[in-house]
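Overview (structure and organization)
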Amino acid sequence: MTGIVGYGTKIPRYRIKVEEIAKVWGADAPTYKRGLNLNEKSVPAPDEDCATLSVNAALNALKRAEIDPADIGAVYVGSESHPYAVKPTGTIVSEAIGACPYVHTADLEFACKAGTEGMFIALNLVKSGAVPYALAIGADTSQGAPGDALEYSAAAGAAAFIMGKDNLIAELKDTHCFMTDTPDFWRREYKHYPEHGGRFTGAPAYFKHVTGAVDAILGKTNMKPDDFKYVIFHQPNGKFPVLVAKKLGFTEQQYLPGLLSPTLGNTYSGSSPMGFAATLDIAKPGDLILLISYGSGAGSDAFIFETTEKIDEVRNRAPKLRTQLDEHKIYIEYGTYAKFRKKILLPN
Amino acid sequence: MQVPRYWREIPKRYRLEAAQCKKCLNISFPEKFSCPECGSRDFKTIKLSGKGKISTHTIIRIAPEGFNDQVPYGMGIIEMDEGPRIMAQITDCDPEKLKTGDRMIYQFRRIREDGSTGVIMYAYKFVPDVGI
């Protein structure tokens, strides 16, 4: 058996409301709130980045896994906001958690699905017997250009999963990928902010790939939507995952526990992995969970997990995601947000 | 800070690695050449739990270069549960509300960067232990 032995998350404490962003740009906040199902988003502190979120999430995963970090043979960090253009985030994470030096590491990038790319590789490395444990992280301090629609959703957060073969809290049942070359969202070399294809990010991009991955894995496993207790989709906003869930025949009871974007925003590579972590926080032993990521460019990874008896034993060893999301929030106004996100031009 | 020095200090800055005297069990952070309690030079490396309480603190309003975007922020001496006292930045809170005895917990954070092209330095900071 292969699966998850520990998971952990990290969300910055700072939040900005949709109204605060809309006020600055003369936009109509209720339209964004209603149209995209977004209310507020997380904002990283000036001393937080993809590496710090990854480390703090991974340390929470280690609390749940209760393994020696030196036994982790592979560390993969999926993000589109790695702190360096050249120098791995994975080495920082591996060193901070105590996995060095006998560890293979790589930084992954595939827009919002880089986190599940790492999960896919980590699970299969463990399954092959190449390493006893592998750590996969999806983390981002997402970029959205000032005034762009993305600014209302681009958020920060991380989820980390330690894969292994023994003492599983969730067993991997199957995976499937669906990918095409679809340029719906991109960021060119040396550019600070990404660009996107507006409405082109919908039907031919998000919806085609997510439904393609779900149809493929359901066909492969001969399963149907009501076989699952929970489903988690990638969440670029609060609207797309709800639409695709309904289109595919999933119910609110299945997707609401993992739907975080209305109050978290889109944490890009962290998005669906964090929804999955929130679902593990409440899942009971024996629950079947369907996880589907989406990354622009474009592709979706689908995973089916079944939780084990061990889940009840480990979940309280680290902070739960909804606690991080809903408690001890610090609201900031746009000026502080602009300072934190380095959107203010300084003399040097 | 020069890159080699930053690199040398990674074990304590990233992982709170301390030195425990094998003779008298006193814990030193950072590690010492000889034990300040018994003079022994025989140590084993241990990892601090990252939990402690504020021993004393102040509020920084005029920050050194590289920290201007974070003022006002707390700087304090955190007494770790294992005994050592660590001076560290206290982040993610209203520094006006900090008080002696408050429970603190380790967080891995970005400390500073060597200009826009140099190395980014990471290390421990502390945040109020509120269970998140």
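Please refer to the structure higher up on the page.
All figures in this text were calculated on a predicted structure; none of them were measured in a lab.

It is worth spelling out the overall build of chain B at this point. Counting its secondary structure elements, chain B contains 2 helices and 8 strands. The linear arrangement of helices and strands in chain B, starting from the amino end, is α-α-β-β-β-β-β-β-β-β. Taken over the C-alpha atoms alone, chain B extends approximately 45 × 35 × 25 Å along its principal axes. The proportion of buried residues among the 132 residues of chain B is 48%. Here chain B holds 22 positive side-chain charges and 17 negative ones, and the gap between their average locations is 4 Å.

Moving on, we come to the sheet that holds strand 11 (residues 230-233) of chain A. Residue and element names in this part refer to chain A. Judged by pairing direction, the sheet is mixed, and its 9 strands sit side by side in the order 5-4-6-7-1-8-13-12-11 without closing on themselves. At either end of the open sheet lies a strand with only one pairing partner, and these are strand 5 (104-108) and strand 11. Strand-to-strand twist across the sheet, computed as the mean angle between neighbouring axes with direction ignored, equals 20 degrees. With 5 bridges joining them, strand 4 (residues 72-78) and strand 5 adopt parallel strand pairing.

This part covers the pattern of salt bridges. Scanning the model with the defined rule gives 33 salt bridges over all chains in all. In this structure, arginine 109 of chain B engages glutamate 48 of chain A in a salt bridge whose closest nitrogen and oxygen atoms are separated by 3.3 Å. Here the residue arginine 109 of chain B occupies a position in strand 7 (residues 103-113), and glutamate 48 of chain A occupies one in the loop between strand 3 (40-43) and helix 3 (50-65), the pair thus bridging two chains. Note that arginine 317 of chain A and glutamate 66 of chain A form a salt bridge whose closest N and O atoms lie 3.3 Å from each other. In this pair, arginine 317 of chain A is assigned in the loop between helix 11 (311-314) and helix 12 (321-326) and glutamate 66 of chain A in the loop between helix 3 and strand 4, connecting sequence segments 251 residues apart. Judged by its relative accessible area of 57%, glutamate 66 of chain A is exposed. Taken together, the shared-partner salt bridges connect Asp47 and Glu48 of chain A together with Asp92, Arg109 and Lys125 of chain B into one network.

Moving on: the pairing of strand 8 (residues 120-128) of chain B. Residues and elements named next belong to chain B. Among the 9 residues of strand 8, 9 are classified as buried, and the element is accordingly described as predominantly covered. As paired strands, strand 7 and strand 8 are joined by 9 bridges and run antiparallel to one another. The residue bridging methionine 104 from the neighbouring strand is proline 128, located in strand 8.

Further remarks concern the sheet that holds strand 2 (residues 27-28) of chain B. All names here are of chain B. Pairing in this open sheet of 3 strands is antiparallel, and the strands run 2-1-3 from one edge to the other. Only two strands of the sheet have a single partner each, and these edge strands are strand 2 and strand 3 (43-47). Where strand 1 (residues 17-21) meets strand 2, 2 bridges bridge the pair, whose relative direction is antiparallel. When the bridges of strand 2 are listed, alanine 19 appears paired with serine 28.

Attention now moves to the nonpolar core. Counting 57 residues, the largest nonpolar core has Ile72, Ile97, Leu135 and Ile162 of chain A together with Leu48, Ile86 and Phe126 of chain B as the members making the most contacts within it. The element best represented in this core is helix 3 of chain A, accounting for 10 residues. For leucine 135 of chain A, the residues in contact, after removing those within four places along its chain, are Ala58, Ile72, Ala74, Val75, Tyr76, Val93, Ile97, Ala160, Phe161 and Ile162 of chain A. Judged by nonpolar contacts, the second largest core, of 37 residues, contains Ala74, Tyr76, Phe161 and Val314 of chain A.

Thresholds, definitions, all that
- Residues numbered from 1 in each chain as written.
- Chains lettered and ligands numbered in written order.
- Predicted model: local features only at pLDDT ≥ 70, side-chain atom pairs only at ≥ 80, totals over all residues.
- Heavy atoms only, no water.
- Helix = DSSP H or I, 4+ residues; strand = E, 2+ residues; numbered from the N terminus.
- Buried < 20%, exposed > 50% of the residue type's maximum accessible area, 1.4 Å probe, protein only.
- Lys, Arg positive; Asp, Glu negative; His and termini not counted.
- Charge placed at Lys NZ, Arg CZ, Asp CG, Glu CD.
- Pairing = 2+ DSSP bridges.
- Axes fitted to C-alpha atoms, helices over the stretch in contact; angles between N-to-C directions.
- Salt bridge = Lys/Arg side-chain N within 4 Å of Asp/Glu carboxyl O.
- Core = buried A, V, L, I, M, F, W, Y, C linked by side-chain atoms within 4.5 Å.
- Contact = heavy atoms within 4.5 Å.

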